[in-house]
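Secondary and tertiary structure notes
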Amino acid sequence: MLYYKTYMHPTSIEWVVFIHGAGGSSSIWYKQIREFKQEFNLLLIDLRGHGKSVGSIRNIWKEEYTFPAVTEDIIEVLDHLELPPAHIMGVSLGTILARQLAEMEPNKVKSMIMAGAVTRLNFTSQILVTLGNTFKSVVPYMWLYSLFAWIIMPRRHHAESRNLFINEAKRLCQKEFIRWFKLTKDINPLLKFFKEKDLSIPTLYVMGEEDIMFLEAVKKIVKEHKLSFLNIVKACGHVVNVEQPEVFNQLSLQFIRNQQQTLTGFSE
């Protein structure tokens, strides 16, 4: 089973599940834990091959990674802990896994918070993916990962997010990086399906105004999905929860509180 860590609230029955992106780990959420644990139970997960899940027996498998298979790992943890329907929070590629989880097990998802959401690959990101797939077996993976990090988070004030992702990615081995990178071939067909299918699950997108790769696509999907909402954070790049944690936490916590109030209203 994946490595996970929980923070238990003495009275709350609400859970928030945190899903990090590719090359990262659950440590990406370190600026959220203190505030969120004051109101909710928290579950932080390290995806296969990442963080403290590196030693998992799954890492010796030779199977090709797929989004459903990686999401099944998360579901295994939720089932093991017997969690009630939860608020699922993802960042970057973790937002794809959050959406895949909602597709596979909608009864486990109360709402979704998507930070730096990936809903479509634009022309630039498709070029990067093509280059990565061409050279992934011959170029040291940290060169590729560092290049991608600089392109996605290019500005000086993106440095903390960029360095955090690069340092976390150093825990991956070349073979594990290649397994995850092969997932990119499935991204566009999967994202097209997600765009066309509205699950009617309350979803908050929190995007940086400087997220040049992914913001425009999120604007479009929010217009089409009736229970989706978008907040754009000024002077902020891709990893909003690290670059602007105060704003991100305020927006996310209020969104979850609103879901609770709505459900309470229905029950009364």
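Let us look at the structure shown here. Small disclaimer: the values here were computed from a predicted structure and weren't measured.

Our next topic: the sheet that holds strand S5 (residues 109-115). In spatial order, the strands read S1-S3-S2-S4-S5-S6-S7; together these seven strands make up an open sheet with mixed pairing. Each of the sheet's edge strands pairs with one partner strand only, and the pair in question is strand S1 (4-7) and strand S7 (228-233). Between one strand axis and the next, the sheet turns through 15 degrees on average, direction left out of account. Pairing between strand S4 (residues 86-91) and S5: six bridges, direction parallel. Its bridge partner lying in S5, Ala86 is registered against Val109. On the sheet, helix H2 (residues 67-81) packs against S1, strand S2 (15-19) and strand S3 (41-45) and is oriented at approximately 145 degrees with respect to S3. Seen against the sheet, helix H3 (residues 93-104) touches S2, S4 and S5 and runs at an angle of roughly 165 degrees to S5.

Inspection of the secondary structure puts Tyr4 in strand S1. Given a relative accessible area of 26%, Tyr4 falls into the partly exposed group. Between the alpha carbons of Tyr4 and Leu47 there is a distance of 9.0 Å; along the sequence they are 43 residues apart. Leave out the neighbours within four places in its chain, and Tyr4 touches Leu43, Leu44, Ile45, Val77, His80 and Leu81. Within polar-contact distance, the side chain of Tyr4 engages the side chain of His80 at 3.4 Å.

This part covers helix H8 (residues 184-196). In an α-helix, one turn spans 3.6 residues, which is why side chains three or four residues apart end up on the same side. The end-to-end C-alpha distance of H8 is 19 Å, a good match for the 18 Å that 13 residues give at a rise of 1.5 Å each. Within H8 the residues assigned to the buried category are Thr184, Ile187, Leu190, Leu191 and Phe194.

The subject of this paragraph is the side chain of Asp46. Relative to the elements of secondary structure, Asp46 occurs in the loop between S3 and H2. Each residue touching Asp46, except ones within four places of it in the same chain, is listed here: Leu2, Tyr3, His20, Ser25, Ser26, Gly51, Lys52 and Ser53.

Rules of the game
Residues numbered from 1 in each chain as written. Predicted model: local features only at pLDDT ≥ 70, side-chain atom pairs only at ≥ 80, totals over all residues. Heavy atoms only, no water. Pairing = 2+ DSSP bridges. Helix = DSSP H or I, 4+ residues; strand = E, 2+ residues; numbered from the N terminus. Axes fitted to C-alpha atoms, helices over the stretch in contact; angles between N-to-C directions. Contact = heavy atoms within 4.5 Å. Buried < 20%, exposed > 50% of the residue type's maximum accessible area, 1.4 Å probe, protein only. Polar contact = N/O pair within 3.5 Å; in protein donor to acceptor, adjacent residues only side chain to side chain. Expected span 1.5 Å × (residues − 1).

The values reported here are purely geometric and, on their own, carry no functional implication.
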